[in-house]
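Listed here are the chains, written in short residue letters.
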Amino acid sequence: MNNTLRAAALSALLLSTAATSGPADQVAWDITADLTTEIGSRPAGSAQEAKARQWATARLAALGFKNIRIEPFTVTGFVRGAETAMLTAPYPHKLHITALGYSAPTPAGGLSAELVYFPTLDALKAAPQGSLTGKIAFIDHAMTRTQDGSAYGPFGQARRQGPGIAASKGAAGVVIRSIGTDMHRNPHTGATSWPEGTAAIPAGAVSLPDAELIARVARSGKPMAINLVLEGKAQPNMPSGNVIAELPGSDPALPPILIACHLDSWDLATGAFDDAAGCGIITAAALRANEGGQLRRTIRVLWAGSEEIGVFGGAAYAKAHAGEPHGAAMESDFGADRIWRVQFNLAEANKPLRDRIAAALAPLGVAAGGDKASGGADVGAIIAAQKLGVIDLEQDGTRYFDFHHTPDDTLDKIDPAQLQQNVMVWAIVLRILGMETGAISGS
Ligand code: ZN
Ligand code: ZN
């Protein structure tokens with residue numbers, strides 16, 4: 001049997017065992033359900049995140065993983081406080097707001113100021129220096145819905161960079177339209193950052209319906225005013241850490257395959273899509289890949305800490321494991337809807353491996369998309385440092401940004417059938433990677 005046929009036969013075998021519901025089938029669901037139920041929200045650096053690390057080590061041990069450890073580090077976290085917003089002129093409206101991570105706290109009684117409307121991030125960038133002194137900037141910058149999530153990069157800049165740009169122009173505060181695609185009155189949180197030398201200011205995101213309201217009022221030309229109460233603040237020296245575990249391969253000379261998710265979540269919900277499901281998917285898939293007999297390569301799972309506030313777990317992992325060779329790296333951090341496309345970043349010498357994986361996934365309706373794999377946040381640093389081979393199993397992100405970083409990111413959003421499709425696709429890829437004896441590297 002040639003390699004392509006072997007891969008196709010393997011995929012058929014894995015699919016048929018899925019149909020009979022083997023013991024691994026519950027694993028992804030159980031991890032997602034139990035982590036979100038027994039721990040709940042897991043903000044970076046919090047006591048909840050610490051509890052989640054203990055929970056994770058116990059669960060990974062119960063599932064048969066070896067070499068389980070916690071690798072601690074400290075972070076500057078963000079501790080949420082009271083948060084309200086009121087449009088006070090020209091028409092009074094209570095707005096649904098949440099602070100962005102690393103927002104500065106408002107003074108006692110809140111911050112009241114003129115609200116200046118910017119339809120896009122570029123419009124804010126074009127505002128003259130000093131023109132926002134004492135005012136609060138509003139950045140609209142409506143995000144579009146895409147299957148591959150590609151809108152998050154450019155539109156997410158309104159959250160990542162917008163507040164810093166407003167602050168550098170003298171703004172006293174900033175409000176953005178939530179980075180999301182729903183039309184519910186749930187604001188979407190997420191971290192922002194401040195340029196070197198620019199002091200943090202209060203920064204929040206309003207729900208999309210509230211942003212539409214502000215845009216309508218702005219079009220009327222009447223001056224707007226707002227009162228913001230955002231009492232959350234950054235807190236240094238909070239304990240965080242990565243959880244690492246392995247399914248040892250039969251040949252210790254072969255570098256391990258690194259697969260990642262992140263254990264922390266935002267505080268507004270239980271973080272089912274982002275990213276309990278990712279931890280469920282990679283962990284269940286590793287077990288299933290080993291069901292066909294012990295793999296030659298070790299599979300190392302990384303449940304990273306403190307991703308949401310700046311990918312601190314990924315940086316800590318790359319630093320701690322800089323001296324160790326790795327075979328390839330992958331991550332699941334885009335919800336739990338079905339995998340529809342695979343992207344690669346593999347060396348020319350790995351073309352046969354690439355073709356085997358593409359052939360094995362085709363019967364599952366997963367199209368080979370090209371060579372643009374980036375690997376995901378938590379494995380980004382180690383991939384860059386070691387030029388690792390990367391395979392992205394791309395999930396359907398059509399509805400991902402309806403729930404992302406909102407109070408709505410809860411277990412009921414997870415479709416068990418699509419979750420299981422993720423596990424099957426991942427298991428096939430891990431089986432092929434885990435049996436590969438040749439060198440694997442990036443292009
Ligand atoms: Zn995530
Ligand atoms: Zn996230």
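Note on numbering: residues in each chain are counted from 1, in written sequence order. Chains and ligands are labelled sequentially in the order written, the chains with letters from A and the ligands with numbers from 1. Restriction of local features to residues with pLDDT of at least 70 applies here, the model being predicted, together with a cutoff of 80 or more for giving and counting side-chain atom pairs; totals for whole chains, interfaces and linings are based on all residues. To obtain the side-chain values, all non-hydrogen atoms of the structure were included, while hydrogens and water were left out.

## Things to note about the pairing of strand S9 (residues 224-230)
Each residue is assigned to one of three classes by its accessible area relative to the maximum for its type, calculated with a 1.4 Å probe on protein chains only: buried under 20%, partly exposed between the two thresholds, exposed over 50%. Only DSSP runs of H or I reaching four residues or more are called helices, and only runs of E reaching two or more are called strands; each is numbered from the N terminus. In terms of burial, S9 is a largely internal element, six of the seven residues being buried. Strands are treated as partners if at least two bridges between them are detected by DSSP. For strand S2 (residues 83-89) and S9, the ladder comprises six bridges, and the chain directions are antiparallel. Residue pairing across strands places Ala85 opposite Leu228, the latter belonging to S9. Judged from the five bridges that link them, strand S5 (residues 111-118) and S9 form a sheet pairing that is antiparallel. Bridge assignment links Ala113 to a residue of S9, and that residue is Ile226.

## Some remarks on the coordination of the zinc ion (ligand 2)
For Na, K and Ca the donor cut-off is 3.2 Å, while for other metals it is 2.8 Å, and in both cases only N, O and S atoms qualify; water is not among them, so sites may look incomplete. The zinc ion (ligand 2) binds to the protein through Asp274 (OD), Glu308 (OE), Glu308 (OE) and His405 (NE2), with metal-donor distances spanning 2.0 to 2.4 Å. Counting the intervening residues between successive donors of the zinc ion (ligand 2) yields the motif D-x33-E-x96-H.

## Topic: the coordination of the zinc ion (ligand 1)
Every protein donor of the zinc ion (ligand 1) is accounted for by His262 (NE2), Asp274 (OD), Asp333 (OD) and Asp333 (OD), and the metal-donor separations fall at 2.0 to 2.5 Å. Mapped onto the polypeptide sequence, the residues donating to the zinc ion (ligand 1) form the spacing pattern H-x11-D-x58-D. Separating the zinc ion (ligand 1) from the zinc ion (ligand 2) is a distance of 3.4 Å, and Asp274 supplies a donor atom to each of them. Taken together, the residues span a long stretch of sequence, with His262 in strand S11 (residues 257-262) and Asp333 in the loop between strand S13 (328-331) and strand S14 (339-345) at a distance of 71 residues. Under the relative-accessibility criterion, His262 is labelled buried at 0%.

## With respect to the nonpolar core
Definition of nonpolar core: a set of buried residues of the types Ala, Val, Leu, Ile, Met, Phe, Trp, Tyr and Cys, connected through side-chain atoms within 4.5 Å. Of all hydrophobic cores here, the largest spans 98 residues; its most connected members are Ile259, Trp303, Leu393, Trp426 and Leu430. Among the elements that make up this core, the one with the highest residue count is helix H8 (residues 272-291) (12 residues). An automatic or database domain assignment provides the domain bounds reported here. Counting contributing residues per domain, this core is built from domain 1 (3-77 + 236-434) and domain 2 (81-231), each supplying no fewer than three. When near neighbours in sequence (up to four residues on either side) are disregarded, Trp426 contacts Ile259, Ile281, Ile282, Ala285, Met330, Glu331, Ser332, Ile339 and Leu393. Counting residues in hydrophobic clusters, the runner-up holds 21 residues, among them Leu95, Leu111, Ala113 and Ile226. Contact definition: two residues touch when any of their heavy atoms are within 4.5 Å.

## A few points about the packing of aromatic side chains
In summary, the pairing rule links any two rings of Phe, Tyr or Trp, Trp by its six-membered ring, whose centres are within 6.5 Å, and it sorts them by plane angle into stacked for under 30 degrees, edge-to-face for over 60 and tilted for everything else. Per the stated rule, a full pass over the model turns up eight aromatic pairs. These aromatic residues form a ring-pair network of at least three members: Tyr152, Phe273, Phe334, Tyr400, Phe401 and Phe403. Geometry around Tyr152 places Arg160 over its ring, the cationic atom sitting 4.8 Å from the centre. For a lysine, the NZ atom is tested; for an arginine, the CZ atom; a charge sits over a ring if that atom is within 6 Å of the ring centre and within 35 degrees of the ring normal. Stacked on the ring of Phe403, the Lys or Arg Lys413 has its end atom at 5.6 Å from the ring centre.

## Some details on the sheet that holds S14
Sheet architecture is open: eight strands sit in the order S1-S10-S12-S11-S13-S16-S14-S15, paired in mixed fashion. Sheet topology places strand S1 (66-79) and strand S15 (367-370) at the edges, where each strand pairs with a single neighbour. When the angles between neighbouring strand axes are averaged without regard to direction, this sheet yields 20 degrees. Of the pairings in the sheet, the one linking strand S10 (residues 233-247) to strand S12 (residues 299-304) comprises five bridges and is antiparallel in character. Bridging across to S12, Glu246 finds its partner in Arg300. Here, axes are lines fitted to C-alpha atoms. For helices the fit covers the stretch in contact, and angles between N-to-C directions go from 0 to 180 degrees. Across the sheet, helix H9 (residues 312-320) touches S1, S10, S11 and S12, and the angle it forms with S1 is around 135 degrees.

## Things to note about the domain arrangement of the protein
Per the domain assignment, the segments of the protein are domain 1 (3-77 + 236-434) and domain 2 (81-231). The straight-line distance from the C-alpha centre of domain 1 to that of domain 2 is 33 Å. Taken together, the 22 residues of domain 1 in the interface contact 20 residues of domain 2. Buried area: the sum, over both parts, of the accessible surface (1.4 Å probe) that disappears when the two are put together. Three residues, Thr398, Phe401 and Asp402, lead the burial of domain 1 against domain 2; their summed loss comes to 32% of the area buried on that side. Salt bridges, as used here, are contacts in which a Lys or Arg side-chain nitrogen is within 4 Å of a carboxyl oxygen on Asp or Glu. Between Asp148 and Arg341 there is a salt bridge whose closest N-O contact spans 3.7 Å. Any N or O atom pair separated by 3.5 Å or less is treated as a polar contact, with the protein-specific requirement of one donor-capable and one acceptor-capable atom, and with residues adjacent in sequence counted only for side-chain atom pairs. Viewed at the interface, domain 2 and domain 1 are joined by 12 residue pairs in polar contact (both at pLDDT 80 or more). Those elements that place two or more of their residues in the side of domain 1 that touches domain 2 are S1, S14 and helix H12 (400-403).

## Looking at the pattern of salt bridges
Here the structure, examined in full by the defined rule, presents 21 salt bridges. For the salt bridge of Arg288 with Glu291, the shortest nitrogen-to-oxygen distance reads 3.8 Å. Taken together, the residues Arg288 and Glu291, both in helix H8 and three residues apart, mark about one turn of the helix. According to the relative accessible area criterion, Arg288 is buried, its value standing at 1%. According to the relative accessible area criterion, Glu291 is partly exposed, its value standing at 43%. One salt bridge in this structure joins Asp408 and Lys413, with 3.7 Å as the shortest N-O distance.

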